[in-house]
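# Tertiary structure, described
Listed here are the chains, written in short residue letters.
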Amino acid sequence: MPELPEVEVLVRYLRPLIRSRTIRGMDVRRVKVLAPTTTRELKRVLLGATFTGLSRRGKYLLFQLRRRRNSAPVTLLGHLGMTGRIYLARHSAPLPKHTAVVFDLGREKMVYEDTRYFGRLTLDTTAVEIIGPEPLDDGFDVTTLARALKRSGQPIKVKLLDQTLVAGIGNIYASEALFRAGISPKLPARQLTPKQVERLWRAIRRVLREAINGGSTVPLNFGRSGGSDGLFYFGRAAGTPDFYEERLWVYDRAGQPCQKCGAPIKRIVQAARSTFYCPHCQRKGDPAIPKPTA
DNA sequence: CACCATGTTCCTTG
DNA sequence: CCAAGGAACATGGT
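In this text, all values refer to a predicted model and were calculated from it rather than measured experimentally.

### Here's the deal with the protein's contact with DNA strand C
Residues in close proximity to DNA strand C include Arg30, Lys97, His98, Thr115, Arg116, Tyr117, Phe118, Gly153 and Gln154, which together make up its full environment. Considering DNA strand C, the proportion of its atoms within 4 Å of the protein that are sugar or phosphate atoms stands at 61%. Between Arg30 and DNA strand C, the recorded distance is 3.0 Å, taken from a side-chain N or O atom to a phosphate oxygen. One of the side-chain nitrogen or oxygen atoms of His98 is found 2.6 Å away from a phosphate oxygen of DNA strand C. Within the surface near DNA strand C, the residues separate by chemical class into two nonpolar, four polar and three charged.

### So, the sheet that holds strand S7 (residues 108-114)
Read across the sheet, four strands follow the order S1-S6-S7-S5 without closing on themselves; strand pairing throughout is antiparallel. Strand pairing shows two members of the sheet lacking a second neighbour, strand S1 (25-28) and strand S5 (84-90), which therefore form its edges. Each adjacent strand pair in this sheet contributes to an overall mean axis angle of 15 degrees, direction not counted. Of the strands in this sheet, S5 and S7 touch helix H1 (residues 4-18), which is tilted by about 35 degrees from S5.

### Description of the sheet that holds strand S3 (residues 60-66)
Strand pairing in a sheet is mediated by backbone hydrogen bonds. Such pairs are either parallel or antiparallel. With antiparallel pairing, the four strands of this open sheet are ordered in space as S2-S3-S4-S8. Only two strands of the sheet have a single neighbouring strand rather than two, namely strand S2 (50-57) and strand S8 (120-122). Neighbouring strand axes in the sheet, compared pairwise and without regard to direction, differ in orientation by 20 degrees on average. The pairing of S2 with S3 spans seven bridges and is antiparallel. Each residue of the ladder has a partner; that of Leu54, found in S3, is Phe63. In the packing of H1 onto the sheet, the strands contacted are S2 and S3, and the crossing angle to S2 comes to about 165 degrees.

### Comments concerning the side chain of Gln270
Structurally, Gln270 is set in strand S11 (residues 266-270). A residue is classified by how much of its surface remains accessible, and Gln270, at 8% relative accessible area, is buried. Polar side-chain contacts of Gln270 include one of 3.3 Å to the backbone oxygen of Pro185. In this view, Gln270 contacts Pro155, Lys157, Val158, Pro185, Lys186 and Thr275; residues no more than four positions away in its chain are not counted.

### Focus: the environment of Leu123
Along the chain, Leu123 turns up in the loop between S8 and helix H3 (126-129). Taking the C-alpha atoms as reference points, Leu123 and Leu77, separated by 46 residues in sequence, lie 6.0 Å from one another. Residues in contact with Leu123, not counting those within four places in the same chain, are Thr37, Glu41, Leu42, Val45, Val74, Thr75 and Leu76.

### Description of the packing of aromatic side chains
Applying the stated criterion across every chain, the model contains four aromatic pairs. For the ring pair Tyr13 and Phe222, a centre distance of 3.8 Å and an interplane angle of 10 degrees mean the geometry is stacked. In this pair, Tyr13 is assigned in helix H1 and Phe222 in the loop between strand S9 (220-221) and strand S10 (235-236), connecting sequence segments 209 residues apart. Taking relative accessible area as the criterion, Tyr13 reaches 27% and is therefore assigned partly exposed.

### Let's talk about the nonpolar core
Formed by 41 residues in total, the largest nonpolar core has its most connected members in Leu149, Ile156, Leu160 and Leu200. Secondary-structure elements contributing two or more residues to this core are helix H4 (142-150), helix H5 (156-160), helix H6 (171-181) and helix H7 (194-216). Take this core: its biggest share by element is nine residues, from H7. Filtering out sequence-adjacent residues up to four positions away, Leu149 remains in contact with Ile156, Lys159, Leu165, Ala189, Arg190, Leu192, Val197 and Leu200.

### Some remarks on unusual backbone geometry
Glycine aside, a negative phi is what most residues show, and trans is what most peptide bonds show. For the peptide bond that leads from Ala35 to Pro36, omega is 5 degrees, which places it in the cis range. With respect to the helices, strands and loops of the structure, Pro36 is situated in the loop between S1 and helix H2 (39-46). Although it is not a glycine, Tyr117 adopts a positive phi angle of roughly 55 degrees. In this fold, Tyr117 is placed in the loop between S7 and S8.

### What about H4?
When H4 is considered as a whole, its buried residues turn out to be Leu145, Ala148 and Leu149. Viewed along the axis of H4, the buried residues span an arc of 100 degrees, placing them on a single side of the element. Between the side-chain oxygen of the N-cap and the backbone nitrogen of Thr143 there are 3.2 Å, and the N-cap of H4 in question is Asp141.

Rules behind the numbers
Residues numbered from 1 in each chain as written. Chains lettered and ligands numbered in written order. Predicted model: local features only at pLDDT ≥ 70, side-chain atom pairs only at ≥ 80, totals over all residues. Heavy atoms only, no water. Near = heavy atom within 4 Å. Polar contact = N/O pair within 3.5 Å; in protein donor to acceptor, adjacent residues only side chain to side chain. Nonpolar A, V, L, I, M, F, W, Y, C, P; charged D, E, K, R; others polar. Pairing = 2+ DSSP bridges. Helix = DSSP H or I, 4+ residues; strand = E, 2+ residues; numbered from the N terminus. Axes fitted to C-alpha atoms, helices over the stretch in contact; angles between N-to-C directions. Contact = heavy atoms within 4.5 Å. Buried < 20%, exposed > 50% of the residue type's maximum accessible area, 1.4 Å probe, protein only. Phe/Tyr/Trp six-rings, centres within 6.5 Å; stacked < 30°, edge-to-face > 60°. Core = buried A, V, L, I, M, F, W, Y, C linked by side-chain atoms within 4.5 Å. Arc of directions from axis to C-beta.

This is the structure in structure tokens:
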């Protein structure tokens, strides 16, 4: 899935486009993505409702709607899983093979497509209530992070994927943040020194913010028509120069030279998922040592 | 055919 | 009860 930055970029793009738009019809082609909501219930609640807002929490999308003026707001929760996309299209545009839900918004349609159908679009909002702090908010401070890490002996990389620790970090940015912090992905969470926790905290925020900025300044093709996906997940719009390619330091770069020290990047498996890191810059218990000072 | 893939949840085991 | 590990979900790319 899109991790936090990709979802944030999507939200910023979509929000102004759907505000004040009314749902005039719905076509549910894969009921699984609504679970536990049923098609009948979704239609009962959403047909005729108007979008009033869109926000993000972790990797979740929170669509805000109102059925009538001054009536109680309704929340539609979205999650893109690994391969989900949401975009607006003309009615004449052909629907992709794995379209899960289509909303008729009048002049256009909003398409939710998901090749692997791991995503969700549902009225059940319990999932979002149990996730941890937003990494880019003030509520996410070093002390909170340090305290949470102290209670776990899991490798720090695996811990970063725990959405109750911090919301929104996925497999790509977990590796990236650890590289930027110069910390070994294998280091048990409770063994991070206060200095390392501080560096990790900074690295998480920096990596996520940079990715959001990158995605916000590049022309993106949210519907991916006619393009292959970059790792940023949204296809770039036609004609976008290559130098806009998202820049990752270690993810999916096994064997390539580390851009800091030249050592080959390694790939290992942790909790059944790939981890990429520089064995030289990210040594266990040995915080990245800057150039030896003369 | 084999293995890999941006995620989460559920089940089993210890 | 909790932590850890693995399978499941479903489809496609290499």
